Amino acid sequence: MGDEEDKKIIKEHTFKTWSKQKGWDPIIVSSARGVYFYDVEGKKYLDFSSQFVNVNLGYGNERVISSIKEQLDRLQYINPSFGADVRAKATRALLKVMPRNISKFFYSTSGTEANEAAIKIARLYKKPKYKVIARYRSYHGSTEGSISLTGDYRRWFVEPNTMPGVVRIPEPYCFRCPLKLKYPDCGIACANYVNYVIRQEKNVVAMIVEPITGTNGVIVPPKEYMPLMRKIAKENDVLFIADEVMTGWGRVGEWFAVNLWNIEPDILTTAKGASASYVPIGITGVSKEIGEFFEDEVFAHGHTFEAHPVSLSAIPAVIEEYERLNILSHVKIMGDYLGKRLQELKERHRSIGDVRGVGLFWAIELVKDKNNTPFGGYEDKFEGKFTLVDILARKLLTERNIYVYNGPSWFIISPPLIINKEEVDEGVNAIDDILKEADKEFHG
């Protein structure tokens, strides 16, 4: 069956997520290796965003693939009330890399499900408290609970049919401070405000944060922010949930981003890189205190594919590969190099308003004037309009063979963690060239 026939059946009979369906023109991908994927005609594309910031080990890691194949030969499925040996092996491996206080796990199949479980666990543990604090610029998933936690435009589609009890707070977005303040003179007002919110709301059970904001622009908080948020949560007897779906698994040069600030969450959610994204996985990890609570209380959650043996089989192999390849050190070295190259772009392109990131997790935010006016916003995405940044990302893909994931006014640069300098240069040089078009649209 040819490319056009495949494209036709995909377009007519399957959905493209978060998008109008009309005009979808997908590239039909047939294979992938290393940091590249290939279409059916053999054309090679550099994956400069790890898809949705998830293919952390790149494509074709033989150790992880072998582990999955071996599990398929041994045990394809068993319901989660049984204790499969692979479940023990995966849990032992996780305990080696998780924050020290995280000691019990619920295994699901996505980050969305991991966050859904986290909220249910928090509310069961601290009932009758039920309110959850979440940030405006955030994405936590697409199911009812997780989309209700989400702050960005994707939540608007389902309102008013969202979960009750979500209280929203501003984010530490220094480039566009929602409080119109300047760091460091601001005194980290966006975090201190949370203390006020908790005391006014009452019945707050938890706060959920992405340690570094993901799809909403890789917002790296000031160094004081996360420790202060953790302190505020403890002082108010509020659970601290770290959503590490994107920031976990070496993306920032540490196993998990909370390690950057030496803080320990009460609950940690993750997914994506835990299996190298070769099979679906979601993980909700909780502290010993929370785990012990359910010894005499019903754990009222679960589903058919919980602790799926094939998904679990990838976790130990992924951790072994991180250690064998010395990934964390490699990310720090490559992250410094990538950050340097992106800062060079900022010096050359007036359309770049901000460059920010840690490890191999970066964003380039584009602006169209000296007032840092963005090329597009959430209203555009909600209405299905293409911004200039959308157009440039498509040109990078189709004309320069570089895939970059983007928001309405930013590129997310988050390549597979195995990338080398030559491959970084390949991606940055293509972006350098394409940004000449953004510069032409810059006024002032």
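Everything that follows concerns the structure shown earlier in this document.
Below: a short report on this structure. (Residues numbered from 1 in each chain as written. Predicted model: local features only at pLDDT ≥ 70, side-chain atom pairs only at ≥ 80, totals over all residues. Heavy atoms only, no water.)

A short note on the overall build of the protein chain
Scanning the protein chain from terminus to terminus reveals 14 helices and 15 strands. Taken against the 2.2 N^0.38 rule, which gives 22 Å for 444 residues, the C-alpha radius of gyration of the protein chain at 22 Å falls within 12% of a compact globule. Over its C-alpha atoms, taken along the principal directions, the protein chain stretches across nearly 65 × 60 × 45 Å. Relative to its 444 residues, the protein chain shows a buried fraction of 55%. (Helix = DSSP H or I, 4+ residues; strand = E, 2+ residues; numbered from the N terminus. Rg over C-alpha atoms; globule rule 2.2 N^0.38 Å. Buried < 20%, exposed > 50% of the residue type's maximum accessible area, 1.4 Å probe, protein only.)

A look at the pairing of strand β5 (residues 131–135)
Of all the five residues making up β5, five are buried; the element is thus mostly covered by neighbouring parts of the structure. Residue alternation in β5 divides its side chains into two sets, Lys131, Ile133 and Arg135 and Val132 and Ala134, and both sets are buried. In this structure, β5 lies alongside strand β6 (residues 166–169), joined through four bridges in parallel fashion. Counterpart to Ala134 in the pairing with β6 is Arg168. (Pairing = 2+ DSSP bridges.)

Looking at the packing of aromatic side chains
Under the defined criterion, the tally for this structure stands at 19 aromatic pairs. Relative to Tyr403, the ring of Phe37 has its centre 6.4 Å away and its plane inclined at 70°; by these criteria the two rings are edge-to-face. Note that Phe37 is positioned in strand β2 (residues 36–39) and Tyr403 in strand β13 (residues 402–403), a separation of 366 residues in sequence. For Phe37, a relative accessible area of 8% translates into the label buried. For Tyr403, a relative accessible area of 16% puts it in the buried group. Residues Tyr193 and Tyr196 carry aromatic rings whose centres are separated by 6.3 Å and whose planes lie at 25° to one another, so their mutual orientation is stacked. In this pair, Tyr193 and Tyr196 are both assigned in helix α7 (residues 189–201), three residues apart and thus about one turn of the helix distant. Among the residues examined, Tyr193 registers a relative accessible area of 35% and is labelled partly exposed. For Tyr196, a relative accessible area of 48% puts it in the partly exposed group. (Phe/Tyr/Trp six-rings, centres within 6.5 Å; stacked < 30°, edge-to-face > 60°.)

Overview of the packing of helix α4 (residues 85–97) against helix α10 (residues 309–324)
In contact at an axis separation of 8 Å, α4 and α10 are set at 35° when each is read in the N-to-C sense. For α4 against α10, the interelement crossing comes out left-handed. Between α4, through Val86, Arg87, Lys89, Ala90, Ala93, Leu94, Lys96 and Val97, and α10, the contact on the second element is made entirely by Pro309, Leu312, Ser313, Ile315, Pro316, Ile319 and Glu323. Counted by class, the contact of α4 with α10 contains ten nonpolar, one polar and four charged residues. (Axes fitted to C-alpha atoms, helices over the stretch in contact; angles between N-to-C directions. Left-handed = near helix turned anticlockwise from the far one by under 90°. Contact = heavy atoms within 4.5 Å. Nonpolar A, V, L, I, M, F, W, Y, C, P; charged D, E, K, R; others polar.)

Details of the pattern of salt bridges
One pass over the full model with this rule turns up 32 salt bridges. With a shortest N-O distance of 3.5 Å, Glu295 and Lys104 are connected by a salt bridge. You can see Glu295 sitting in the loop between α9 (288–293) and α10 and its partner Lys104 sitting in strand β4 (residues 102–108), a full 191 residues away along the chain. The class for Glu295 is exposed, based on a relative accessible area of 55%. Glu365 is paired through a salt bridge with Arg356; the nearest N and O atoms lie 2.7 Å apart. Like Arg356, Glu365 is buried. (Salt bridge = Lys/Arg side-chain N within 4 Å of Asp/Glu carboxyl O.)

What to know about the sheet that holds β13
Strands pair in a sheet through their backbones, by hydrogen bonds, and they do so in one of two ways: parallel or antiparallel. Read from one edge to the other, the open sheet built from four strands follows the order β1-β2-β3-β13, with strand pairing classed as mixed. For this open sheet the edge positions go to β1 (29–33) and β13, each flanked by a neighbour on one side alone. Sheet analysis places strand β3 (residues 44–47) next to β13, joined by two bridges and oriented parallel. In the strand pairing of β13, Leu46 is matched with Ile402.

Points about α4
Turning to α4, its buried residues number three or more, namely Val86, Ala90, Ala93, Leu94 and Val97. Along the axis of α4, the buried positions cluster into a sector of 100°, meaning they face one direction only. What points out from α4, more than 90 degrees from its buried face, is the exposed set Arg92 and Lys96. Buried residues belonging to α4 abut α3 (62–74), β4, β10 (282–287) and α10. (Arc of directions from axis to C-beta.)

Looking at the environment of Val132
Summarising the element assignment, Val132 is placed in strand β5. Taking the C-alpha atoms as reference points, Val132 and Asn203, separated by 71 residues in sequence, lie 8.9 Å from one another. The residues contacting Val132, other than those within four sequence positions of it, are Ile119, Arg123, Leu149, Gly165, Val166, Val167, Val205, Ala206 and Ile208.

Regarding the environment of Tyr130
Mapped onto the elements of the fold, Tyr130 is located in the loop between α5 (111–125) and β5. You can call Tyr130 partly exposed: its relative accessible area is 35%. Apart from the residues within four sequence positions on either side, Tyr130 is in contact with Arg123, Gly165, Asn203 and Val205.

So, the side chain of Arg137
Looking at where Arg137 falls in the secondary structure, it is placed in the loop between β5 and α6 (144–149). Polar contacts involving the side chain of Arg137 include one to the side chain of Tyr378, which spans 3.1 Å. Leaving out residues up to four positions away in the same chain, Arg137 has contacts with Glu171, Tyr173, Glu210, Thr213, Asn216, Ile219, Tyr378 and Trp410. (Polar contact = N/O pair within 3.5 Å; in protein donor to acceptor, adjacent residues only side chain to side chain.)

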